[in-house]
Amino acid sequence: FQQTASNMSNLKRIHLFEFEDLNWFPQWLRQCMTRLIVVMHNLLGTHKKLAELVHKSLNLTGQQSIIDLCTGSGGPMLKVYEILQTYEQTKAVTVTLTDLYPDKDVAGLLNNKDTGITYLEEPVDATQVDGNLKGVRTMTGSFHHFKPETAKKILEDAQYNRQPICIFEISDNSVPTWLWWIAIPVNFIMAFFITPFARPVTWKQLFFTYLIPVIPLCFAWDGAVSNVRTYTLNDLDILLSGLESDDYKWEKGKIQGKTNKIYLLGLPTE
């Protein structure tokens, strides 16, 4: 235990708070912010690289279902699903979206459509996934929300239950920590430009963006903090310490693009 605690102290990642994580944070405001995150994923093309990793995970494990954790307002998984439909091997795949704070508006829209996508309207804790939810677990831009001890338990749980897991982050925290704070004014301004692309656009989204800029302020802070909370590749090595196994393999790496993206795959072997 002392060795594990010592290793955790070597993480570059810093655990600061994000508004989205706070229990008292208004749900409508959380929804407005997560809808902006969907727009960001679309602009960065997250779905394209994520679809490749998920397709790989499905093929290597023979799974035909995806359990998306910490979904928010859908993230990039809706577009990932569309891409998977173009492959013969994954045409029949189903996607179950989950979140500790489900976006019930988005859930209502998706659950009324005849597709392979379902959004569970009851809360799902990524640290305590129901055993009945089997498939490739995906976490997009959300793994950094968890403290190291909890993050390690998420990995241990996937390995123990022999469920594949695909973790994808859109930043890699490789630059000096102080530089990330430049993201606050950049994110603040960006919120004004990307708000018209959020779906659905509500009067609250518009009012608290353009008249009283509460959403841009929260979005700017959370965006900058997300960067300093992101686990680096070296941090992932520390989290994976002790999880070496012959019947479960781990793969991690960096994907170059509009931003550097970090991924971690956990795959049960035969």
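Definitions and cut-offs
Residues numbered from 1 in each chain as written. Predicted model: local features only at pLDDT ≥ 70, side-chain atom pairs only at ≥ 80, totals over all residues. Heavy atoms only, no water. Helix = DSSP H or I, 4+ residues; strand = E, 2+ residues; numbered from the N terminus. Buried < 20%, exposed > 50% of the residue type's maximum accessible area, 1.4 Å probe, protein only. Expected span 1.5 Å × (residues − 1). Pairing = 2+ DSSP bridges. Axes fitted to C-alpha atoms, helices over the stretch in contact; angles between N-to-C directions. Contact = heavy atoms within 4.5 Å. Right-handed = clockwise from strand over helix to strand, strands pointing away.

1. A short note on the environment of N42
Along the chain, N42 turns up in helix α2 (residues 27-44). Taking the relative accessible area as the measure of exposure, N42 reaches 31% and is therefore partly exposed. Between the C-alpha atoms of N42 and A107, which are 65 residues apart in sequence, the distance is 19 Å.

2. Here we look at α2
An ideal rise of 1.5 Å per residue puts 26 Å on 18 residues; α2 measures up with 26 Å between its terminal C-alpha atoms. Where burial is concerned, most of α2 is hidden: 13 out of the 18 residues are buried. G45 lies just past α2 and shows a positive phi near 70°.

3. A look at the sheet that holds strand β2 (residues 94-97)
Strand pairing within a sheet occurs via backbone hydrogen bonds; the two strands may be parallel or antiparallel. Read across the sheet, seven strands follow the order β3-β2-β1-β4-β5-β7-β6 without closing on themselves; strand pairing throughout is mixed. Both edges of this open sheet fall to β3 (117-119) and β6 (248-255), since each of them pairs with a single strand only. Neighbour-to-neighbour, the strand axes of this sheet turn through a mean angle of 15°, independent of strand direction. Bridge count between β6 and strand β7 (residues 261-268): eight bridges; the pairing is antiparallel. What sits directly across from Y248, in β7, is P268. Against the sheet, helix α4 (residues 77-84) touches β1 (65-69), β2, β3 and β4 (136-140), its axis set at about 175° to β2.

4. Section: helix α3 (residues 46-61)
Along its 16 residues, α3 runs 23 Å from first to last C-alpha, staying within 8% of the 22 Å computed at 1.5 Å per residue. Residues T46, H47, L50, A51, L53, V54, H55, S57 and L58 constitute the buried set of α3. Looking one or two residues past α3, G62 carries a phi angle of roughly 75°, positive in sign.

5. As for the pairing of strand β5 (residues 165-169)
With five of five residues buried, β5 lies mostly within the body of the structure. Judged by which residues are buried, β5 turns out to be covered on both faces: I165, I167 and E169 on one side and C166 and F168 on the other are all buried. Taken together, β4, helix α6 (residues 148-160) and β5 constitute a β-α-β crossover, and its handedness is right-handed. Pairing analysis gives five bridges linking β5 to β7, with the strands arranged antiparallel. From the neighbouring strand, E169 faces β7, where its bridge partner is I262.

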